[in-house]
Amino acid sequence: MDVVVLNGHVHTTEIYDVDGVKYLMLGGGGAEQDPILPGRTSIKVPADYPRDLYWKGQPPQEEYNYVLVDVEPGQKTKFTLNRFRPWSAEPFGTEELFT
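### Describing the packing of aromatic side chains
Next, step 1: Tallying each qualifying case throughout the model produces four aromatic pairs.
Next, step 2: Here the aromatic rings of Y16 and Y49 are separated by 5.7 Å at their centres, their planes lie at 90°, and the arrangement is edge-to-face. In this pair, Y16 sits in strand β2 (residues 14-18) while Y49 sits in the loop between β3 (21-26) and β4 (64-70), placing the two residues 33 residues apart along the sequence.
Next, step 3: Residue Y49 is classed as partly exposed on the basis of its relative accessible area of 40%.

### A word on the sheet that holds β4
Next, step 1: Reading across from one edge, β4-β5-β6 is the order of the three strands in this open sheet, with antiparallel pairing throughout. Two strands close off the open sheet at either side, each with one partner strand: β4 and β6 (93-97). Direction aside, neighbouring strands of the sheet carry axes that sit 20° apart on average.
Next, step 2: Note: strand β5 (residues 78-84) against β6, five bridges, orientation antiparallel. Looking at β6, one finds that T80 is bridged to E96.

### Observations regarding the pattern of salt bridges
Next, step 1: With the rule as written, the count across this model stands at two salt bridges.
Next, step 2: A salt bridge links D17 to K22; the shortest N-O distance between them is 3.8 Å.

### Comments concerning the side chain of T13
Next, step 1: Looking at where T13 falls in the secondary structure, it is placed in the loop between β1 (3-8) and β2.
Next, step 2: By relative accessible area, which is 0% here, T13 ends up buried.

### Brief notes about the sheet that holds β1
Next, step 1: Read across the sheet, three strands follow the order β1-β3-β2 without closing on themselves; strand pairing throughout is mixed. The open sheet has two edge strands with one neighbour each: β1 and β2. Ignoring which end each strand starts from, the neighbouring axes of this sheet average 15° apart.
Next, step 2: Bridge analysis of β1 against β3 gives six bridges, and the strand direction is parallel. Within β3, the residue paired with N7 across the bridge is M25.

Thresholds applied
Residues numbered from 1 in each chain as written. Predicted model: local features only at pLDDT ≥ 70, side-chain atom pairs only at ≥ 80, totals over all residues. Heavy atoms only, no water. Phe/Tyr/Trp six-rings, centres within 6.5 Å; stacked < 30°, edge-to-face > 60°. Helix = DSSP H or I, 4+ residues; strand = E, 2+ residues; numbered from the N terminus. Buried < 20%, exposed > 50% of the residue type's maximum accessible area, 1.4 Å probe, protein only. Pairing = 2+ DSSP bridges. Axes fitted to C-alpha atoms, helices over the stretch in contact; angles between N-to-C directions. Salt bridge = Lys/Arg side-chain N within 4 Å of Asp/Glu carboxyl O.

Now the structure itself:
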């Protein structure tokens, strides 16, 4: 069984896979992810902290996003993240998560 934990309100999107449990923190849906806030461009974590699978070590960018979860019986659940810049209504990127 796959377990995915959805969370929000951190003002940055982060994705982790820890011991087979997938964690998706959505921070770009209701307000921009503000990379100029103190601590947002370089978040200090312990050396054994799981690797963020979204930014992949790069500084966060200003964006809005949302995830579409597609559930069909007998099929693997699909998570599609759509990424937007604050000044545009058109997505600049779409990513399939947890593939």
